[in-house]
Amino acid sequence: KAAINNLSSVIGGNWSKWTIIAKTAIATILLTANCFPIVEKPKIKKGKFQYKEDQIPIKFFAKDIDISSTGLRWDNDTVIMDFSFLSAGKSGAVVGTTKINYHNLNYLFDLKIDNYDLGIVNQYLHDLTNEDEFSAQVNADINTTGNFQNEDSVKASGRLAFQNFHFGKNET
């Protein structure tokens, strides 16, 4: 229970749809570290993730999810988590590392995205745009540091590139 209370103070109560995945990852790291401190190196290998929302409707799938963490040990104040996954759709791979200092709440987030298909965005826009089509792929190499208690501490650098961008009527 103490771990959950501490977690709530760290990640706050504003769980918008756009931040829920990031906050869920943070929650997983911190809860794993607090609830299973004897599990030194928790891992997930070849996992699958499915997100489905009926109201819009949205479907998102990821496969080959690999997550490994150092866990939180009594003699170390930082949890490190490496992760990777592939798009279960057309194309794309994501690889990243997250480091969170549990005591001062500093974090580091490195993310590399390779040719990730953004077709999921088409699901959001389809009804709003009179059935126009959206497609693109994204490549990124982003490095971020900050502190969960100070939004002004965020520093981000890197590159973000979109290719094969299309929005409008489909010619086929």
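Residues numbered from 1 in each chain as written. Predicted model: local features only at pLDDT ≥ 70, side-chain atom pairs only at ≥ 80, totals over all residues. Heavy atoms only, no water.

Where do I start with the overall build of the protein in this structure?
Across its full length, the protein holds 3 helices and 7 strands. Ordered by position from the N terminus, the helices and strands of the protein form the series α-α-β-β-β-β-β-α-β-β. Here the protein, with 172 residues, has 30% of them falling under the buried criterion. The contacts in the protein between residues at least 6 apart in sequence include a share of 45% that link residues at least 24 apart. A total accessible area of about 11,300 Å² is found for the protein, and carbon and sulfur atoms account for 56% of it. (Helix = DSSP H or I, 4+ residues; strand = E, 2+ residues; numbered from the N terminus. Buried < 20%, exposed > 50% of the residue type's maximum accessible area, 1.4 Å probe, protein only. Contact = heavy atoms within 4.5 Å. Areas by Shrake-Rupley, 256 points an atom, 1.4 Å probe, with all protein chains shown as cover.)

Help me out: how do you make sense of the packing of aromatic side chains in this one?
All told, the structure shown has 3 aromatic pairs when counted by the stated rule. Between Phe83 and Phe109, the aromatic rings sit 6.1 Å apart at their centres with planes inclined by 15°, giving stacked as the arrangement. Here Phe83 is found in strand E3 (residues 78-87), whereas its partner Phe109 is found in strand E5 (residues 106-117), with 26 residues between them in sequence. Classification of Phe109 as partly exposed rests on a relative accessible area of 29%. Ring centres 6.2 Å apart and planes at 80° place the aromatic pair Phe85 and Tyr116 in the edge-to-face group. (Phe/Tyr/Trp six-rings, centres within 6.5 Å; stacked < 30°, edge-to-face > 60°.)

Help me out: how do you make sense of the side chain of Gln137 in this one?
Mapping Gln137 onto the fold places it in strand E6 (residues 133-147). Here Asp117 takes part through its side chain, which lies 3.5 Å from a polar atom of the side chain of Gln137. At a separation of 2.8 Å, a polar atom in the side chain of Gln137 contacts the side chain of Asn164. (Polar contact = N/O pair within 3.5 Å; in protein donor to acceptor, adjacent residues only side chain to side chain.)

Looking at this model, I keep getting lost on the confidence of the model for the protein. Mind explaining?
Here the protein averages 76 in pLDDT, and 72% of its residues register 70 or above. The secondary-structure element of the protein with the lowest mean pLDDT is helix H1 (residues 2-11), recorded at 44, while E5 shows the highest, at 94. (pLDDT = per-residue confidence, 0-100.)

Just checking my understanding: could you explain a nonpolar patch on the surface for this structure?
A grouping of Leu160, Phe162, Phe165 and Phe167 is seen on the molecular surface, where their side chains present a nonpolar patch of about 460 Å² in accessible area. Within the secondary structure layout, Phe165 lies in strand E7 (residues 150-168). Relative accessible area serves as the criterion here: at 55%, Phe165 is assigned to the exposed category. (Patch = residues over 30% accessible without salt bridge, like charges linked within 9 Å, V, L, I, M, F, W, Y side chains within 5 Å. Salt bridge = Lys/Arg side-chain N within 4 Å of Asp/Glu carboxyl O.)

What's the story with the sheet that holds E7 in this structure? I'm lost.
In a beta sheet, neighbouring strands are held together by backbone hydrogen bonds and run either parallel or antiparallel to one another. The strand order across the open sheet formed by 7 strands is E1-E2-E3-E4-E5-E6-E7, and the pairing between neighbours is antiparallel. Unpaired on one side and paired on the other, strand E1 (43-53) and E7 mark the two borders of the sheet. Averaged over all adjacent pairs, the angle separating strand axes in this sheet is 20°, with direction ignored. Where E6 and E7 come together, 13 bridges link them in antiparallel fashion. Among the inter-strand pairings, Ala140 is bridged to a residue of E7, identified as Leu160. (Pairing = 2+ DSSP bridges. Axes fitted to C-alpha atoms, helices over the stretch in contact; angles between N-to-C directions.)

Quick question: what am I supposed to make of the side chain of Ser87 here?
Within the secondary structure layout, Ser87 lies in strand E3. Setting aside its immediate chain neighbours within four residues, Ser87 contacts Phe61, Lys63, Gly92 and Tyr116.

Please explain a positive patch on the surface as it appears in this structure.
There is a patch of like positive charges on the surface, built from Lys41, Lys43, Lys45 and Lys46. In this structure, Lys43 sits in strand E1. (Lys, Arg positive; Asp, Glu negative; His and termini not counted. Charge placed at Lys NZ, Arg CZ, Asp CG, Glu CD.)

Help me understand the nonpolar core in this model?
Nonpolar side chains in soluble globular proteins generally cluster together in the buried interior. By size, the foremost hydrophobic cluster in this structure holds 14 residues, and its most contacted members are Phe83, Val94, Leu111, Ile113, Tyr116, Leu118 and Val138. Elements that contribute at least two residues to this core include exactly strand E2 (58-69), E3, E5 and E6. Beyond its immediate stretch of four places on either side in the chain, Ile113 contacts Ala93, Val94, Val138, Asn139 and Ala140. (Core = buried A, V, L, I, M, F, W, Y, C linked by side-chain atoms within 4.5 Å.)

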